[in-house]
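Listed here are the chains, written in short residue letters.
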Amino acid sequence: MPKYKKKILAGDVYEVEEFYCPRTIGKKYERGRNENLTSEEQQKRNLNRTRRELTRIINTNFSGRDIFVLLTHDGVVDLEEARREQSNFFRRLNRYRNRNGFDPLKYIYVIEMQGRIHHHIVMNQFEGLSMKEMQQILQEIWGKGLVLIKHLYKNQKDNRLASYLTKENYKKKGKRWSGSRNLKKPKVTIEIVKETKRKVKLRAPKNFEIVAAHEDFFEEIGWVRYMKAVRRGGMDYGSYEEGSEDDC
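**Digging into the nonpolar core**
Side chains of nonpolar character tend, in soluble globular proteins, to be buried together. Val 69, Phe 89, Leu 93, Ile 121, Met 123 and Leu 138 are the most contacted members of the largest nonpolar core, which totals 19 residues. Here the element with the most residues in this core is helix α4 (residues 131-142); it accounts for 5 residues. In this structure, Met 123 is in contact with Phe 62, Asp 66, Ile 67, Val 69, Phe 89, Leu 93, Leu 105, Lys 106, Tyr 107 and Leu 138, ignoring residues within four places of it in sequence. Listed in part, the 16 residues of the second largest apolar core include Phe 62, Phe 68, Val 110 and Leu 152.

**Regarding the pattern of salt bridges**
For the coordinates displayed, the defined rule picks out 9 salt bridges. Of the charged contacts in the structure, one is a salt bridge between Arg 225 and Glu 18, with a shortest N-O distance of 2.9 Å. Residue Arg 225 is found in strand β10 (residues 222-231), and its partner Glu 18 is found in strand β2 (residues 13-20); the two are separated by 207 residues along the sequence. Assigned by exposure class, Arg 225 and Glu 18 land together as buried. The closest approach of N and O atoms between Glu 85 and Lys 144, which form a salt bridge, is 3.7 Å. A residue pair is termed long-range when its members are at least 10 positions apart, and Glu 85 in helix α3 (residues 79-99) and Lys 144 in the loop between α4 and β6 (147-151) qualify at 59 residues.

**Details of the environment of Val 16**
One can find Val 16 in strand β2. Judged by its relative accessible area of 2%, Val 16 falls in the buried class. With 210 residues separating them along the chain, Val 16 and Tyr 226 place their C-alpha atoms 5.8 Å apart. For Val 16, the contacting residues outside a window of four places in its chain are Lys 5, Lys 6, Lys 7, Leu 202, Arg 225, Tyr 226 and Met 227.

**Comments concerning the packing of aromatic side chains**
Across all of its chains, the model carries 10 aromatic pairs by this definition. Judged by centre distance (5.6 Å) and plane angle (90 degrees), the ring pair of Phe 89 and Trp 142 falls under edge-to-face. Here Trp 142 lies in helix α4 and Phe 89 lies in helix α3, a separation of 53 residues in the sequence. When sorted by exposure, Phe 89 lands in the same class as Trp 142, which is buried. Considering the side-chain rings of Phe 90 and Tyr 107, the 3.8 Å spacing of their centres and the 10 degrees angle between planes classify their relative orientation as stacked. Here Tyr 107 lies in strand β4 (residues 107-112) and Phe 90 lies in helix α3, a separation of 17 residues in the sequence. Taking relative accessible area as the criterion, Phe 90 reaches 6% and is therefore assigned buried. Through a chain of ring-to-ring contacts, three or more aromatic side chains come together here, namely Phe 89, Phe 90, Tyr 107, Tyr 109 and Trp 142.

**Regarding the sheet that holds strand β7 (residues 178-179)**
Read from one edge to the other, the open sheet built from 5 strands follows the order β6-β3-β5-β4-β7, with strand pairing classed as antiparallel. Both edges of this open sheet fall to β6 and β7, since each of them pairs with a single strand only. Strand direction decides the pairing type here: β4 and β7, joined by 2 bridges, are antiparallel. Within β7, the position partnered with Ile 108 by the bridge is Gly 179.

**Notes on the side chain of Glu 112**
Within the secondary structure, Glu 112 sits in strand β4. Side chain to side chain, Glu 112 and His 120 meet in a polar contact 2.6 Å long.

**Some thoughts on the sheet that holds strand β9 (residues 208-218)**
Strand order across the open sheet formed by 5 strands is β8-β1-β2-β10-β9, with antiparallel pairing between neighbours. Edge positions in the open sheet fall to β8 (187-193) and β9, since each of these has one partner strand only. Between one strand and the next, the sheet's axes are offset by a mean angle of 15 degrees, whatever the strand orientation. Relative to β10, β2 is paired through 6 bridges, and the arrangement is antiparallel. Bridging from a neighbouring strand, Glu 18 pairs with Arg 225 of β10. Lying over the sheet, helix α2 (residues 39-61) contacts β1 (3-10) and β2, oriented at roughly 45 degrees with respect to β1.

Thresholds applied
- Residues numbered from 1 in each chain as written.
- Predicted model: local features only at pLDDT ≥ 70, side-chain atom pairs only at ≥ 80, totals over all residues.
- Heavy atoms only, no water.
- Core = buried A, V, L, I, M, F, W, Y, C linked by side-chain atoms within 4.5 Å.
- Buried < 20%, exposed > 50% of the residue type's maximum accessible area, 1.4 Å probe, protein only.
- Helix = DSSP H or I, 4+ residues; strand = E, 2+ residues; numbered from the N terminus.
- Contact = heavy atoms within 4.5 Å.
- Salt bridge = Lys/Arg side-chain N within 4 Å of Asp/Glu carboxyl O.
- Phe/Tyr/Trp six-rings, centres within 6.5 Å; stacked < 30°, edge-to-face > 60°.
- Pairing = 2+ DSSP bridges.
- Polar contact = N/O pair within 3.5 Å; in protein donor to acceptor, adjacent residues only side chain to side chain.
- Axes fitted to C-alpha atoms, helices over the stretch in contact; angles between N-to-C directions.

Structure, rendered in structure tokens:
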């Protein structure tokens, strides 16, 4: 069974996974590994997969100069109306940015249902403007309630941005998160690893610092080695530290 090394570069975060992949020898991997899971275990696995994906998308597209936005509604609205108001907000915001020479809008958002419906958004900054100026612009464009903003934080291990954005169960309400079409994808490369008697240490690129490294055994695919590193002085919105048993 071939061994593979998967390298993922998402902004300032580098990850590498080393694993055997049963798919290469024709095993019905996905069906076999999921059929024995309870409903709760499957939901947890799906949530972890969503958070891994979202973490990498955020790291690839945003930095500490960009902003986290909270939008509220003055009155009570249902989910359909909230989605409509949010779409209109993005259209108005795009027009404003285009008219005033700002970079095209990039965003990731979640509509949260807990309590009164509200919106969490990660979006790119308005280049050259202060936080106060950005807040005033967004408040005027939104016009439906309160607007709060803050910068994204460096290495926010306590904040876990991707976990926060996916904290609600959207199984019955749609996707956990959505984003603009111009979001870039992480850079992923996969290579075959030559078998050696001596285990070769997983290494980080130059100027990267290792923040997580471990090995785990899974019945479906055997041993998986995982390492995560962050560029010195860089950004990380990591919401997980486990290996990727379901990325094969």
